[in-house]
Amino acid sequence: MYTCKDHLGLTHYCWGDEDLGKNIEIRHFSNNQAATYNKITDERLAPKVRWISCVPERDSLTVFCDKEGKRGYLNVNTGKVVINGQYKHAWHFSEGLAAVVADNGKVGFINYDNEMVIPAVYDYV
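The following refers to the structure shown. (Residues numbered from 1 in each chain as written. Predicted model: local features only at pLDDT ≥ 70, side-chain atom pairs only at ≥ 80, totals over all residues. Heavy atoms only, no water.)

Brief notes about the overall build of the chain
1) Next: The helix and strand tally for the chain stands at zero helices and twelve strands.
2) Next: By residue count, 42% of the 125 residues in the chain fall in the buried class.
3) Next: The contacts of the chain with a sequence gap of at least 6 include a subset with a gap of at least 24, amounting to 19%.
4) Next: Put simply, the chain shows about 7,300 Å² of open surface, and 50% of that area lies on carbon and sulfur atoms. (Helix = DSSP H or I, 4+ residues; strand = E, 2+ residues; numbered from the N terminus. Buried < 20%, exposed > 50% of the residue type's maximum accessible area, 1.4 Å probe, protein only. Contact = heavy atoms within 4.5 Å. Areas by Shrake-Rupley, 256 points an atom, 1.4 Å probe, with all protein chains shown as cover.)

This is how it looks when you write it as structure tokens:
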């Protein structure tokens, strides 16, 4: 554990215990939040979130949960948000699609461009 400063210059306890990409790490903070940082420049790359999912094998995107409880996607190579938190639930991509639960409570499938290619009409069990 060590201390690091946030974008306002405030000091927090954190630990960088997970690699997200080659030069990207996930830092977990004592206030139960997480953020992505460039390991070389120490720059924070995305806003703090509740959690970031483990890195999926052979994929460039991973799921995160924002402060409001909505799911979105981060790029594991850049550490930046590519699909903002907007889904009740979200799963990793497989064969170019990811299942998400939309605001209507139904499951649909998005592509990497966040286009709903299979409509959210399926019941979430």
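Let's talk about the pairing of strand E11 (residues 106-110)
1) Next: Looking at chain direction, strand E10 (residues 98-101) and E11 are connected through four bridges and run antiparallel. Within E11, the position partnered with Val101 by the bridge is Val107.
2) Next: Hairpin geometry of E10 and E11 is characterised by an intervening segment of four residues between the two adjacent antiparallel strands and by a positive phi of about 80° at Gly105.
3) Next: Looking at chain direction, E11 and strand E12 (residues 116-123) are connected through four bridges and run antiparallel. Within E12, the residue paired with Val107 across the bridge is Tyr122. (Pairing = 2+ DSSP bridges.)

Examining the sheet that holds strand E8 (residues 81-87)
Where strands meet in a sheet, backbone hydrogen bonds hold them as pairs that are either parallel or antiparallel.
1) Next: Read across the sheet, four strands follow the order E5-E6-E7-E8 without closing on themselves; strand pairing throughout is antiparallel. The sheet is open, and its two borders are formed by strand E5 (51-52) and E8, each paired with just one other strand.
2) Next: Taken together, the five bridges between strand E6 (residues 61-65) and strand E7 (residues 71-75) define a ladder with antiparallel strand orientation. Bridge pairing in E7 links Cys65 to Arg71.

Thoughts on the side chain of Gln33
1) Next: Inspection of the secondary structure puts Gln33 in the loop between strand E3 (24-29) and strand E4 (34-38).
2) Next: For Gln33, a relative accessible area of 19% gives the class buried.
3) Next: When residues no more than four places from it in sequence are discounted, the contact partners of Gln33 are Arg27, His28, Lys48, Val49, Arg50 and Lys67.

Looking at the sheet that holds strand E9 (residues 89-90)
1) Next: If you walk across this open sheet you meet the four strands as E9-E10-E11-E12, and the pairing is antiparallel. Of all the strands in the sheet, just E9 and E12 have a single pairing partner and so form its edges.

Concerning the pairing of E8
1) Next: With three bridges joining them, E7 and E8 adopt antiparallel strand pairing. Paired with Tyr73 across the bridge in E8 is Ile83.
2) Next: In sequence, E7 turns back onto E8 through a hairpin of five residues, with Gly79 there showing a positive phi of about 75°.

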